[in-house]
Amino acid sequence: MKGDVYYSTITRKQDELTGVEVIQLTDNSGDTYHPYFTKTLIDSENNYILLASNRTGSLQLYTLRFKDGQMVQVTDQEGVSPFSSVLDAWHHIVYYFADRTLMRVRLDNLEVEELMQIPLGFKPSDLSIDNSGRFLAFSYVEHMELCTETGGTYSTHREKHFRRPTSVVIRYDIEKRSPYVVWGEGQYISHVNISPVDSNIIVFCHEGPWLQVQRMWTARIDHDKVYPLVDQKVNLERIGHEFFTASGRIGAQYSSRERIGDEFLLHGDVFINVDGSNERRYYYPYTRPSHVQMNYQETMGVGDRAPIREVMEDKGNYMSLLRYKGDAIEVGLLCAHGTSWRSQMSHPHPLFTRDDQHIVFSSDKGGKSNVYMARADWDRTIKSDRRIDK
(Lines give C-alpha, C1' and ligand atoms only; values in the text may rest on other atoms or scores of the structure.)
Protein backbone atom coordinates (compact mmCIF):
# COMPACT_ATOMS: atom_id res chain seq x y z
CA MET A 1 0.00 0.00 0.00
CA LYS A 2 0.98 3.62 -0.43
CA GLY A 3 3.29 4.64 2.40
CA ASP A 4 4.63 1.14 3.02
CA VAL A 5 8.35 1.08 3.73
CA TYR A 6 10.72 -1.68 2.68
CA TYR A 7 14.45 -2.03 3.15
CA SER A 8 16.19 -3.51 0.17
CA THR A 9 19.30 -5.57 0.92
CA ILE A 10 22.24 -3.77 -0.71
CA THR A 11 25.06 -5.97 -1.99
CA ARG A 12 28.46 -4.94 -3.31
CA LYS A 13 30.73 -6.78 -5.73
CA GLN A 14 33.76 -5.98 -7.84
CA ASP A 15 33.39 -6.40 -11.57
CA GLU A 16 35.39 -9.44 -12.68
CA LEU A 17 37.02 -7.63 -15.63
CA THR A 18 37.72 -4.13 -14.33
CA GLY A 19 37.50 -4.36 -10.55
CA VAL A 20 34.98 -1.50 -10.51
CA GLU A 21 32.60 -1.72 -7.56
CA VAL A 22 29.04 -2.59 -8.64
CA ILE A 23 26.31 -2.11 -6.03
CA GLN A 24 22.99 -3.95 -6.33
CA LEU A 25 20.43 -1.54 -4.86
CA THR A 26 17.32 -3.74 -5.06
CA ASP A 27 16.86 -7.30 -3.89
CA ASN A 28 15.01 -9.34 -6.55
CA SER A 29 11.61 -8.72 -4.93
CA GLY A 30 9.72 -8.57 -8.20
CA ASP A 31 10.90 -6.55 -11.19
CA THR A 32 12.30 -3.17 -10.18
CA TYR A 33 13.71 -0.59 -12.58
CA HIS A 34 13.97 3.15 -13.08
CA PRO A 35 11.73 5.18 -15.43
CA TYR A 36 13.08 6.56 -18.70
CA PHE A 37 16.69 7.64 -18.38
CA THR A 38 16.42 11.04 -20.13
CA LYS A 39 14.04 12.31 -17.42
CA THR A 40 14.68 13.77 -13.97
CA LEU A 41 14.77 10.83 -11.54
CA ILE A 42 17.26 11.75 -8.77
CA ASP A 43 16.61 14.45 -6.18
CA SER A 44 18.69 17.63 -6.13
CA GLU A 45 20.74 16.52 -3.10
CA ASN A 46 21.49 13.07 -4.52
CA ASN A 47 19.72 11.22 -1.70
CA TYR A 48 17.18 9.08 -3.56
CA ILE A 49 15.95 7.91 -6.96
CA LEU A 50 12.47 7.35 -8.37
CA LEU A 51 11.82 3.68 -9.27
CA ALA A 52 9.03 1.43 -10.48
CA SER A 53 8.39 -2.05 -9.13
CA ASN A 54 5.81 -4.84 -9.24
CA ARG A 55 7.04 -6.29 -5.94
CA THR A 56 3.48 -6.21 -4.51
CA GLY A 57 1.84 -7.62 -7.64
CA SER A 58 1.11 -4.45 -9.61
CA LEU A 59 3.42 -1.81 -11.05
CA GLN A 60 3.70 1.12 -8.65
CA LEU A 61 6.19 3.93 -8.01
CA TYR A 62 8.73 3.99 -5.19
CA THR A 63 11.57 6.11 -3.94
CA LEU A 64 14.83 4.36 -3.01
CA ARG A 65 17.32 6.00 -0.65
CA PHE A 66 20.89 5.38 -1.75
CA LYS A 67 22.51 5.21 1.69
CA ASP A 68 20.46 2.38 3.18
CA GLY A 69 18.11 0.94 0.54
CA GLN A 70 14.94 2.33 2.10
CA MET A 71 12.08 2.00 -0.42
CA VAL A 72 8.84 3.92 0.09
CA GLN A 73 5.79 3.07 -2.01
CA VAL A 74 4.37 6.37 -3.25
CA THR A 75 1.44 5.20 -5.45
CA ASP A 76 -1.29 2.63 -5.00
CA GLN A 77 -3.70 2.65 -7.94
CA GLU A 78 -4.49 0.93 -11.20
CA GLY A 79 -3.06 2.01 -14.55
CA VAL A 80 0.16 3.64 -13.37
CA SER A 81 2.48 4.14 -16.35
CA PRO A 82 5.97 3.86 -14.84
CA PHE A 83 8.02 5.01 -17.83
CA SER A 84 6.04 8.23 -18.09
CA SER A 85 6.94 9.30 -14.55
CA VAL A 86 9.20 12.20 -13.58
CA LEU A 87 10.51 13.77 -10.38
CA ASP A 88 10.50 17.43 -9.40
CA ALA A 89 13.94 17.11 -7.85
CA TRP A 90 13.84 20.37 -5.87
CA HIS A 91 10.30 20.22 -4.49
CA HIS A 92 10.14 16.43 -4.02
CA ILE A 93 6.99 15.80 -6.05
CA VAL A 94 6.40 12.90 -8.46
CA TYR A 95 4.29 13.41 -11.60
CA TYR A 96 2.87 10.42 -13.45
CA PHE A 97 -0.01 9.17 -15.58
CA ALA A 98 -2.59 6.67 -14.34
CA ASP A 99 -4.37 5.68 -17.54
CA ARG A 100 -5.49 9.04 -19.03
CA THR A 101 -5.13 11.09 -15.82
CA LEU A 102 -2.12 13.26 -15.03
CA MET A 103 -1.38 12.87 -11.31
CA ARG A 104 1.05 14.16 -8.74
CA VAL A 105 2.07 12.88 -5.33
CA ARG A 106 3.95 14.95 -2.76
CA LEU A 107 6.69 12.93 -1.16
CA ASP A 108 6.52 14.68 2.22
CA ASN A 109 2.94 13.59 3.00
CA LEU A 110 2.04 11.32 0.03
CA GLU A 111 -0.93 13.55 -0.81
CA VAL A 112 -2.22 12.68 -4.29
CA GLU A 113 -3.89 15.11 -6.69
CA GLU A 114 -5.48 14.77 -10.12
CA LEU A 115 -4.30 17.54 -12.46
CA MET A 116 -5.95 16.87 -15.84
CA GLN A 117 -7.15 14.18 -18.21
CA ILE A 118 -6.19 13.66 -21.81
CA PRO A 119 -9.01 12.99 -24.31
CA LEU A 120 -10.61 9.61 -24.85
CA GLY A 121 -8.99 7.64 -27.66
CA PHE A 122 -5.48 8.94 -26.95
CA LYS A 123 -2.51 7.69 -24.94
CA PRO A 124 0.04 9.88 -23.11
CA SER A 125 3.79 9.79 -23.64
CA ASP A 126 6.48 10.23 -21.01
CA LEU A 127 6.61 13.38 -18.89
CA SER A 128 9.40 15.95 -18.72
CA ILE A 129 9.87 18.77 -16.19
CA ASP A 130 11.97 21.95 -16.15
CA ASN A 131 14.31 22.85 -13.29
CA SER A 132 11.89 25.39 -11.84
CA GLY A 133 9.32 22.67 -11.23
CA ARG A 134 6.60 24.83 -12.78
CA PHE A 135 6.20 23.29 -16.25
CA LEU A 136 5.66 19.76 -17.52
CA ALA A 137 5.76 18.68 -21.15
CA PHE A 138 4.38 15.56 -22.83
CA SER A 139 2.43 14.43 -25.88
CA TYR A 140 -0.73 12.45 -26.31
CA VAL A 141 -1.11 10.18 -29.33
CA GLU A 142 -4.16 8.71 -31.05
CA HIS A 143 -4.77 5.11 -30.02
CA MET A 144 -4.87 2.72 -32.99
CA GLU A 145 -5.59 -0.96 -33.47
CA LEU A 146 -2.44 -2.41 -35.05
CA CYS A 147 -1.78 -5.75 -36.74
CA THR A 148 1.98 -6.02 -36.07
CA GLU A 149 1.88 -6.26 -32.27
CA THR A 150 3.99 -9.24 -31.17
CA GLY A 151 4.82 -8.18 -27.63
CA GLY A 152 8.40 -7.46 -28.71
CA THR A 153 10.00 -4.07 -28.19
CA TYR A 154 9.11 -1.64 -31.01
CA SER A 155 7.21 -4.32 -32.97
CA THR A 156 4.54 -1.80 -34.04
CA HIS A 157 6.81 1.18 -34.72
CA ARG A 158 6.86 0.89 -38.49
CA GLU A 159 3.12 0.36 -38.82
CA LYS A 160 2.29 3.20 -36.43
CA HIS A 161 4.66 5.53 -38.27
CA PHE A 162 2.89 4.91 -41.59
CA ARG A 163 -0.58 5.17 -40.02
CA ARG A 164 0.25 8.78 -39.05
CA PRO A 165 -1.64 9.02 -35.74
CA THR A 166 -2.75 12.45 -34.58
CA SER A 167 -0.39 13.69 -31.86
CA VAL A 168 -0.56 16.79 -29.67
CA VAL A 169 2.32 18.30 -27.65
CA ILE A 170 1.31 19.86 -24.31
CA ARG A 171 3.12 22.18 -21.92
CA TYR A 172 1.36 22.04 -18.57
CA ASP A 173 1.59 25.01 -16.19
CA ILE A 174 1.51 23.42 -12.74
CA GLU A 175 1.03 26.72 -10.92
CA LYS A 176 -2.01 27.70 -13.03
CA ARG A 177 -3.27 24.11 -13.48
CA SER A 178 -3.47 24.86 -17.18
CA PRO A 179 -2.47 22.84 -20.29
CA TYR A 180 -1.21 24.75 -23.31
CA VAL A 181 -1.27 23.13 -26.76
CA VAL A 182 2.20 23.66 -28.21
CA TRP A 183 1.87 21.70 -31.44
CA GLY A 184 -0.14 19.00 -33.14
CA GLU A 185 0.02 17.05 -36.40
CA GLY A 186 -0.57 13.71 -38.08
CA GLN A 187 2.73 12.22 -36.96
CA TYR A 188 3.66 9.77 -34.22
CA ILE A 189 5.23 12.15 -31.66
CA SER A 190 7.08 11.00 -28.53
CA HIS A 191 10.27 11.66 -26.53
CA VAL A 192 9.03 15.10 -25.52
CA ASN A 193 11.64 16.97 -23.46
CA ILE A 194 11.33 20.45 -22.01
CA SER A 195 14.57 22.38 -21.60
CA PRO A 196 15.79 22.24 -18.00
CA VAL A 197 16.85 25.89 -18.17
CA ASP A 198 14.31 27.51 -20.54
CA SER A 199 10.66 26.46 -20.30
CA ASN A 200 9.96 28.22 -23.61
CA ILE A 201 11.83 25.41 -25.44
CA ILE A 202 10.52 21.90 -26.04
CA VAL A 203 12.23 19.24 -28.15
CA PHE A 204 10.20 16.31 -29.46
CA CYS A 205 10.71 13.53 -31.99
CA HIS A 206 8.82 12.04 -34.89
CA GLU A 207 8.79 8.41 -33.76
CA GLY A 208 9.26 5.44 -36.05
CA PRO A 209 12.20 3.79 -37.81
CA TRP A 210 15.09 6.22 -37.30
CA LEU A 211 15.94 5.97 -41.00
CA GLN A 212 12.56 7.14 -42.21
CA VAL A 213 11.82 10.19 -40.09
CA GLN A 214 13.14 13.71 -39.68
CA ARG A 215 13.58 12.80 -36.05
CA MET A 216 14.26 15.84 -33.86
CA TRP A 217 12.20 19.03 -33.74
CA THR A 218 12.37 22.17 -31.60
CA ALA A 219 9.19 23.94 -30.53
CA ARG A 220 9.52 27.54 -29.40
CA ILE A 221 6.36 28.56 -27.62
CA ASP A 222 6.96 32.27 -28.21
CA HIS A 223 7.33 31.63 -31.98
CA ASP A 224 4.32 29.29 -32.30
CA LYS A 225 6.39 27.27 -34.80
CA VAL A 226 8.51 24.14 -34.85
CA TYR A 227 11.91 23.71 -36.48
CA PRO A 228 13.88 20.61 -37.51
CA LEU A 229 16.82 20.53 -35.11
CA VAL A 230 19.30 18.53 -37.19
CA ASP A 231 18.84 18.41 -40.97
CA GLN A 232 18.65 14.63 -41.34
CA LYS A 233 19.11 12.84 -44.66
CA VAL A 234 16.27 10.33 -44.65
CA ASN A 235 17.40 6.73 -45.37
CA LEU A 236 21.08 7.79 -45.13
CA GLU A 237 21.24 9.04 -41.54
CA ARG A 238 19.60 7.93 -38.34
CA ILE A 239 19.41 9.95 -35.14
CA GLY A 240 17.76 9.16 -31.82
CA HIS A 241 17.81 8.76 -28.02
CA GLU A 242 17.83 12.55 -27.73
CA PHE A 243 18.33 14.19 -24.34
CA PHE A 244 19.00 17.57 -22.76
CA THR A 245 22.36 18.15 -21.11
CA ALA A 246 22.45 19.96 -17.78
CA SER A 247 23.31 23.27 -19.50
CA GLY A 248 20.43 22.98 -21.99
CA ARG A 249 22.15 21.58 -25.10
CA ILE A 250 20.70 18.59 -26.94
CA GLY A 251 22.61 15.34 -27.35
CA ALA A 252 21.67 12.41 -29.59
CA GLN A 253 23.14 9.29 -31.17
CA TYR A 254 23.98 9.31 -34.85
CA SER A 255 24.87 6.91 -37.70
CA SER A 256 25.29 7.48 -41.43
CA ARG A 257 26.02 5.72 -44.71
CA GLU A 258 26.89 6.85 -48.24
CA ARG A 259 24.21 4.99 -50.23
CA ILE A 260 20.93 3.18 -49.59
CA GLY A 261 21.70 -0.48 -49.09
CA ASP A 262 25.17 0.14 -47.64
CA GLU A 263 26.03 -0.71 -44.06
CA PHE A 264 26.18 2.11 -41.53
CA LEU A 265 29.91 2.62 -41.07
CA LEU A 266 30.08 6.03 -39.39
CA HIS A 267 28.75 6.18 -35.84
CA GLY A 268 28.82 9.06 -33.40
CA ASP A 269 27.07 11.45 -31.05
CA VAL A 270 25.83 14.89 -32.01
CA PHE A 271 25.47 17.84 -29.63
CA ILE A 272 23.70 21.05 -30.63
CA ASN A 273 22.13 24.18 -29.20
CA VAL A 274 18.34 24.30 -29.31
CA ASP A 275 18.46 27.05 -31.97
CA GLY A 276 20.55 24.79 -34.25
CA SER A 277 23.84 26.58 -33.62
CA ASN A 278 27.18 25.19 -32.42
CA GLU A 279 26.62 21.69 -33.77
CA ARG A 280 29.42 19.26 -32.86
CA ARG A 281 29.76 15.66 -34.03
CA TYR A 282 32.01 13.13 -32.36
CA TYR A 283 32.77 9.71 -33.82
CA TYR A 284 33.23 6.25 -32.33
CA PRO A 285 36.11 3.98 -33.33
CA TYR A 286 33.68 1.16 -34.16
CA THR A 287 29.91 0.92 -33.66
CA ARG A 288 28.14 3.08 -31.08
CA PRO A 289 26.79 2.16 -27.66
CA SER A 290 23.06 2.33 -26.97
CA HIS A 291 21.26 4.82 -24.73
CA VAL A 292 23.92 7.47 -24.21
CA GLN A 293 23.66 10.01 -21.40
CA MET A 294 26.06 12.76 -20.24
CA ASN A 295 27.17 13.66 -16.74
CA TYR A 296 26.15 16.92 -15.04
CA GLN A 297 29.54 18.57 -15.56
CA GLU A 298 29.33 17.58 -19.26
CA THR A 299 32.80 16.04 -19.21
CA MET A 300 31.92 12.36 -19.71
CA GLY A 301 29.22 10.15 -21.19
CA VAL A 302 27.87 6.69 -20.50
CA GLY A 303 26.31 4.04 -22.75
CA ASP A 304 24.87 0.58 -22.24
CA ARG A 305 26.96 -1.26 -24.81
CA ALA A 306 30.76 -1.22 -24.92
CA PRO A 307 32.13 -1.71 -28.46
CA ILE A 308 35.87 -1.47 -27.72
CA ARG A 309 36.93 -3.79 -30.56
CA GLU A 310 35.98 -4.01 -34.22
CA VAL A 311 34.55 -7.50 -33.76
CA MET A 312 32.97 -7.87 -30.33
CA GLU A 313 29.95 -10.15 -30.23
CA ASP A 314 29.36 -9.63 -26.49
CA LYS A 315 29.51 -5.80 -26.50
CA GLY A 316 25.83 -5.72 -25.43
CA ASN A 317 26.77 -7.24 -22.05
CA TYR A 318 28.78 -4.26 -20.82
CA MET A 319 28.49 -0.65 -19.70
CA SER A 320 30.81 1.95 -21.25
CA LEU A 321 32.19 5.30 -20.16
CA LEU A 322 32.82 7.84 -22.92
CA ARG A 323 35.23 10.76 -23.30
CA TYR A 324 34.93 13.36 -26.08
CA LYS A 325 38.24 14.59 -27.54
CA GLY A 326 38.61 16.61 -30.72
CA ASP A 327 36.09 14.96 -33.02
CA ALA A 328 36.55 11.46 -31.55
CA ILE A 329 35.00 9.48 -28.72
CA GLU A 330 37.18 7.31 -26.52
CA VAL A 331 35.29 4.27 -25.22
CA GLY A 332 36.12 2.52 -21.96
CA LEU A 333 34.46 -0.70 -20.81
CA LEU A 334 33.32 -0.02 -17.23
CA CYS A 335 31.58 -3.18 -16.03
CA ALA A 336 29.25 -5.99 -17.03
CA HIS A 337 25.50 -5.44 -16.82
CA GLY A 338 24.56 -8.79 -18.38
CA THR A 339 20.95 -7.93 -19.14
CA SER A 340 18.76 -9.90 -21.57
CA TRP A 341 17.40 -6.79 -23.37
CA ARG A 342 14.02 -8.60 -23.59
CA SER A 343 11.86 -5.68 -22.46
CA GLN A 344 12.04 -1.99 -21.70
CA MET A 345 12.29 -2.73 -17.98
CA SER A 346 15.41 -4.81 -18.63
CA HIS A 347 17.17 -2.14 -20.74
CA PRO A 348 20.01 -0.68 -18.65
CA HIS A 349 19.19 2.96 -19.63
CA PRO A 350 22.18 4.35 -17.67
CA LEU A 351 22.28 7.73 -15.97
CA PHE A 352 24.72 9.56 -13.71
CA THR A 353 24.08 10.37 -10.07
CA ARG A 354 24.04 14.11 -9.42
CA ASP A 355 27.59 14.11 -8.04
CA ASP A 356 28.80 12.35 -11.25
CA GLN A 357 30.44 9.67 -9.11
CA HIS A 358 28.23 6.70 -10.06
CA ILE A 359 26.25 5.22 -12.94
CA VAL A 360 22.75 3.90 -12.18
CA PHE A 361 21.34 1.22 -14.48
CA SER A 362 18.78 -1.59 -14.64
CA SER A 363 19.43 -5.24 -15.52
CA ASP A 364 17.61 -8.57 -15.35
CA LYS A 365 20.79 -10.64 -15.18
CA GLY A 366 19.50 -12.36 -12.04
CA GLY A 367 16.18 -13.29 -13.64
CA LYS A 368 14.26 -10.32 -12.23
CA SER A 369 14.95 -6.73 -13.19
CA ASN A 370 16.96 -4.91 -10.53
CA VAL A 371 18.66 -1.53 -10.17
CA TYR A 372 22.45 -1.28 -9.86
CA MET A 373 25.03 1.43 -9.34
CA ALA A 374 28.66 1.35 -10.57
CA ARG A 375 31.50 3.71 -9.73
CA ALA A 376 32.21 6.02 -12.70
CA ASP A 377 35.95 5.26 -12.61
CA TRP A 378 37.55 6.06 -15.99
CA ASP A 379 40.99 4.87 -14.91
CA ARG A 380 39.72 1.32 -14.36
CA THR A 381 37.95 0.99 -17.71
CA ILE A 382 39.27 -1.20 -20.53
CA LYS A 383 39.92 1.18 -23.42
CA SER A 384 39.29 1.04 -27.16
CA ASP A 385 42.32 -0.38 -28.97
CA ARG A 386 42.42 2.20 -31.78
CA ARG A 387 41.40 5.75 -32.57
CA ILE A 388 38.68 6.72 -35.01
CA ASP A 389 39.70 6.72 -38.68
CA LYS A 390 37.00 8.56 -40.58
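Quick notes on the rules
- Residues numbered from 1 in each chain as written.
- Predicted model: local features only at pLDDT ≥ 70, side-chain atom pairs only at ≥ 80, totals over all residues.
- Heavy atoms only, no water.
- Helix = DSSP H or I, 4+ residues; strand = E, 2+ residues; numbered from the N terminus.
- Buried < 20%, exposed > 50% of the residue type's maximum accessible area, 1.4 Å probe, protein only.
- Contact = heavy atoms within 4.5 Å.
- Pairing = 2+ DSSP bridges.
- Axes fitted to C-alpha atoms, helices over the stretch in contact; angles between N-to-C directions.
- Core = buried A, V, L, I, M, F, W, Y, C linked by side-chain atoms within 4.5 Å.

Participant: Describe in detail the environment of R323, supporting the description with residues and values.
Facilitator: Within the element layout of this structure, R323 appears in strand 27 (residues 318-325). Look at R323 and you get partly exposed, because its relative accessible area is 25%. Counting along the chain gives 21 residues from R323 to V302, while the straight-line C-alpha distance between them is 8.9 Å. Excluding residues within four positions of it along the chain, R323 makes contact with A328, I329, E330 and W378.

Participant: Just give me the short version of the side chain of E159, but keep the residues and values in it.
Facilitator: Relative to the assigned elements, E159 resides in helix 1 (residues 157-163). Looking at E159, the relative accessible area reads 17%, which means it is buried. With residues up to four places along the chain from it excluded, the contact list for E159 reads L146, C147 and T148.

Participant: Provide a residue-level description of the sheet that holds strand 11 (residues 112-117), including the pertinent values.
Facilitator: A sheet is described by the order of its strands in space; here four strands give the open sequence 8-9-10-11, paired in antiparallel fashion. The open sheet has two edge strands with one neighbour each: strand 8 (86-88) and strand 11. On average, each strand axis in the sheet is tilted by 25° relative to the strand beside it, whichever way the strands run. Sheet topology note: the strand 8/strand 9 (residues 93-98) ladder contains three bridges and is antiparallel. For L87, the partnering residue across the bridge sits in strand 9 and is V94.

Participant: Any chance you could break down the nonpolar core for me, citing the residues and the numbers?
Facilitator: Counting 31 residues, the largest nonpolar core has I49, L61, F66, V94 and Y96 as the members making the most contacts within it. Within the residue set of this core, elements represented by two or more residues are strand 5 (48-53), strand 6 (60-65), strand 7 (70-73), strand 9, strand 10 (101-106) and strand 31 (370-375). Looking at this core, the element that brings in the most residues is strand 5, giving five residues. Contacts of V94, omitting those with residues within four sequence positions, involve L50, L61, V86, L87, M103, R104, V105 and L107. Core analysis: the next-biggest nonpolar cluster, separate from the first, contains 17 residues, F138, I170, Y172 and I174 among them.

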